[in-house]
Amino acid sequence: MSLIVPIDTNPSFEPKPGVPLPERLISGSPTFKTWAQDDSNGEAIKTGVWEATPGETHSIKGTTFEFCHLLAGHVEIEEKDGPTYTFRAGDSFVMKPGFVGIWRTIETVRKIYVCVYA
């Protein structure tokens with residue numbers, strides 16, 4: 001078993017479809033696609049590609065740490081009682097445990113994610 005896992009940014013396999021939980025939806029009708037590509041450390045670390053169509057949702061990280069690298073699209077992330085950040089294709093950012101805010105997908109976004117669950 002190799003300890004290197006290439007991340008396919010345009011996977012040919014079917015994604016897992018999704019929608020936001022009703023209590024998280026603020027506006028729009030966003031849909032999600034997840035192409036999970038690796039689970040490590042007893043599924044405490046997950047890596048893959050995620051896509052969302054335009055809409056606005058509550059984002060609550062809880063104890064999860066997430067690294068994101070945008071491959072396409074445009075989002076605004078508003079931190080509760082804090083600043084609003086704008087990210088576009090090519091940008092990377094981290095959402096730390098305890099983050100609470102609003103995720104606005106302005107233009108369909110596709111990202112590589114690495115989530116670490118505590």
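Attention in this report is confined to the structure presented alongside it.

Reading guide: rules and limits
Residues numbered from 1 in each chain as written. Predicted model: local features only at pLDDT ≥ 70, side-chain atom pairs only at ≥ 80, totals over all residues. Heavy atoms only, no water. Phe/Tyr/Trp six-rings, centres within 6.5 Å; stacked < 30°, edge-to-face > 60°. Helix = DSSP H or I, 4+ residues; strand = E, 2+ residues; numbered from the N terminus. Buried < 20%, exposed > 50% of the residue type's maximum accessible area, 1.4 Å probe, protein only. Lys NZ or Arg CZ within 6 Å of the ring centre and 35° of its normal. Contact = heavy atoms within 4.5 Å.

With that settled, the discussion passes to the packing of aromatic side chains. Tallied over the full model, the rule gives five aromatic pairs. Note on Phe32 and Trp50: the rings are 5.1 Å apart at their centroids and 40° apart in plane angle, and the pair reads as tilted. With Phe32 in strand 3 (residues 32–40) and Trp50 in strand 4 (residues 45–52), this residue pair connects regions lying 18 residues apart in the sequence. A centroid spacing of 5.8 Å and a plane angle of 85° characterise the contact between Trp50 and Trp103, whose relative ring orientation is edge-to-face. One end of the pair, Trp50, is in strand 4; the other, Trp103, is in strand 9 (residues 100–117), with 53 residues separating them in the sequence. The exposure classification of Trp50 matches that of Trp103, with both residues buried. One aromatic cluster in this structure is built from Phe32, Trp50, Tyr85, Phe87, Phe93 and Trp103. Residue placement shows Lys111 over the ring face of Trp50; its charged tip is 4.6 Å from the ring centre.

Notably, Asn41 is not glycine yet its phi reads approximately 55°, a positive angle. Taking relative accessible area as the criterion, Asn41 reaches 60% and is therefore assigned exposed.

Along the chain, Lys61 turns up in the loop between strand 5 (55–60) and strand 6 (64–79). The buried category is assigned to Lys61, whose relative accessible area is 16%. Leave out the neighbours within four places in its chain, and Lys61 touches Glu66, Met95, Lys96, Gly98 and Phe99.

Along the chain, Thr31 falls in the loop between strand 2 (25–28) and strand 3. Using a relative accessible area of 37% as the deciding quantity, one classes Thr31 as partly exposed. With 24 residues separating them along the chain, Thr31 and Gly55 place their C-alpha atoms 8.5 Å apart. Excluding its chain neighbours within four sequence positions, the residues that come into contact with Thr31 are Gly18, Val19, Glu51, Ala52 and Thr53.

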